[in-house]
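Commentary on secondary and tertiary structure
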Amino acid sequence: VWQRAGRKQGAFAPTREEYPLLWRSLLSGDLRSAFITLALSLPAIVLCLSVHEAAHGGVAYLLGDRTARDSGRLTLSPLAHIDPLGFLCLLLFGFGWARPVPVNISNFKNRRTGMAATALAGPVANFVTAFVAYCLYFLVWIYGDSVFMQVVGEFLAIVASMSVGLGVFNLIPVHPLDGSRVLDA
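About the criteria used
- Residues numbered from 1 in each chain as written.
- Predicted model: local features only at pLDDT ≥ 70, side-chain atom pairs only at ≥ 80, totals over all residues.
- Heavy atoms only, no water.
- Helix = DSSP H or I, 4+ residues; strand = E, 2+ residues; numbered from the N terminus.
- Buried < 20%, exposed > 50% of the residue type's maximum accessible area, 1.4 Å probe, protein only.
- Contact = heavy atoms within 4.5 Å.
- Areas by Shrake-Rupley, 256 points an atom, 1.4 Å probe, with all protein chains shown as cover.
- Phe/Tyr/Trp six-rings, centres within 6.5 Å; stacked < 30°, edge-to-face > 60°.
- Lys NZ or Arg CZ within 6 Å of the ring centre and 35° of its normal.
- Expected span 1.5 Å × (residues − 1).
- Bend = angle between axes of the 7 residues up to and from the residue.
- Polar contact = N/O pair within 3.5 Å; in protein donor to acceptor, adjacent residues only side chain to side chain.
- Core = buried A, V, L, I, M, F, W, Y, C linked by side-chain atoms within 4.5 Å.
- Salt bridge = Lys/Arg side-chain N within 4 Å of Asp/Glu carboxyl O.
- Axes fitted to C-alpha atoms, helices over the stretch in contact; angles between N-to-C directions.
- Parallel < 35°, antiparallel > 145°, perpendicular 65-115°, else oblique.
- Left-handed = near helix turned anticlockwise from the far one by under 90°.
- Nonpolar A, V, L, I, M, F, W, Y, C, P; charged D, E, K, R; others polar.
- pLDDT = per-residue confidence, 0-100.

1. Looking at the overall build of the protein
Scanning the protein for helices and strands turns up eight helices and zero strands. N-terminal to C-terminal, the α/β element order of the protein is α-α-α-α-α-α-α-α. Looking at the protein as a whole, 34% of its 185 residues qualify as buried. Pairs at least 24 apart in sequence give 62% of the contacts found in the protein among residues at least 6 apart. For the protein, the accessible surface area stands at approximately 11,100 Å², while carbon and sulfur atoms represent 67% of it.

2. A word on the packing of aromatic side chains
The final tally for this structure, using the stated rule, is one aromatic pair. Taken together, a centroid distance of 5.4 Å and an interplanar angle of 65° make the contact between tyrosine 137 and phenylalanine 138 edge-to-face. You can call tyrosine 137 partly exposed: its relative accessible area is 24%. Across the ring face of tyrosine 61, the terminal group of arginine 66 is positioned such that the distance to the ring centre comes to 4.5 Å.

3. Some thoughts on the environment of alanine 60
Along the polypeptide, alanine 60 turns up in helix α2 (residues 31-62). Judged by relative accessible area, alanine 60 falls into the buried class, the value being 0%. Apart from residues lying up to four places away in sequence, alanine 60 is in contact with Asp65, Val103, Phe108 and Thr118.

4. Examining helix α6 (residues 111-143)
Compared with an ideal rise of 1.5 Å per residue, which puts 33 residues at 48 Å, α6 spans 48 Å between its outermost C-alpha atoms and is within 8% of the ideal. By the largest-angle criterion, alanine 121 marks the main kink of α6, which is about 35°, and a proline, proline 123, follows within four residues. With a side-chain oxygen positioned 3.2 Å from the backbone nitrogen of arginine 112, the residue opening α6 is asparagine 110.

5. Section: the nonpolar core
When a protein is soluble and globular, its nonpolar side chains tend to lie buried together. Counting 17 residues, the largest nonpolar core has Ile45, Leu49, Ala133 and Val159 as its most contacted members. At the level of elements, α2, α5 (84-93), α6 and α7 (147-170) are the ones that each hand at least two residues to this core. Dropping the residues within four chain positions of it, valine 159 is found in contact with Ala44, Leu47, Cys48, Thr129 and Ala133.

6. Let's talk about the pattern of salt bridges
For the structure on display, the rule yields one salt bridge. In this structure, the salt-bridge partner of aspartate 70 is arginine 69, at a minimum N-O distance of 3.2 Å. Take aspartate 70: its relative accessible area is 57%, and that puts it in the exposed class.

7. Concerning α7
End to end, α7 covers 35 Å across 24 residues, agreeing with the expected 34 Å (1.5 Å per residue, within 8%). Buried within α7 are the following residues: Gly153, Leu156, Ile158, Val159, Ala160, Ser163, Leu166, Gly167 and Asn170.

8. Quick look at the environment of leucine 63
By the element assignment, leucine 63 lies in the loop between α2 and α3 (67-70). As a C-alpha pair, leucine 63 and isoleucine 105 span 42 residues in sequence and 9.8 Å in three-dimensional space. Excluding residues within four positions of it along the chain, leucine 63 makes contact with Asn107, Phe108, Lys109, Gly114, Ala117 and Thr118.

9. A few points about unusual backbone geometry
Here histidine 175 and proline 176 are connected by a cis peptide whose omega angle stands at 15°. If you trace the backbone, proline 176 turns up in the loop between α7 and α8 (178-184).

10. What about the packing of α6 against α7?
Axis separation between α6 and α7 bottoms out at 8 Å; the angle between their running directions is 155°. When the interaxial angle is binned, α6 and α7 end up roughly antiparallel. Pair α6 / α7 crosses with left-handed handedness. Looking at the contact of α6 with α7 residue by residue, the class counts come to 17 nonpolar, seven polar and no charged.

11. Considerations on the confidence of the model for the protein
On average, residues of the protein carry a pLDDT of 84, and 85% of them reach 70 or more. Within the protein, helix α1 (residues 21-27) has the poorest average pLDDT of any element, 65, and α6 the best, 95. Within the model, the stretch residues 1-16 combines pLDDT values under 50 with 16 contacts to residues more than four positions away or in other chains.

If you want it as structure tokens, here you go:
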């Protein structure tokens, strides 16, 4: 029988803490907080997804596949990577996707290691992004005392949190996620 601390047995509805960040703000009834969360989450999502997808294309390019470059995907520009429906789902439900970077494994010298490295590039880029964002967050937390620096700190915390979540989620070995491509190699 499923039971969670502080919950009655058989209660399957999620708690407020389990909802995505935007829904938590809306459910709290504070529209100002929801607007601020939305304003900080939109660029954070765009940044995390763009870094992830550009890393796939960059590693594939370094390993000899020019497909991503030829299709204009070796960029951090969100217009090249964001899928509108996936972006909306990520914002509303905490689960979404970006447009996958095209890769032609026949262009790799070693197909197995080339595909594994290309697949790992996205999650690794997310973990590096999270590390940098957390380091900057702590600097802002220590030295920032203005309201603007508090907002910057909140943005960095959201970027770091989303980057870790995106990186871990993509390592799940289920197709079409990156973890399955690593295991297949």
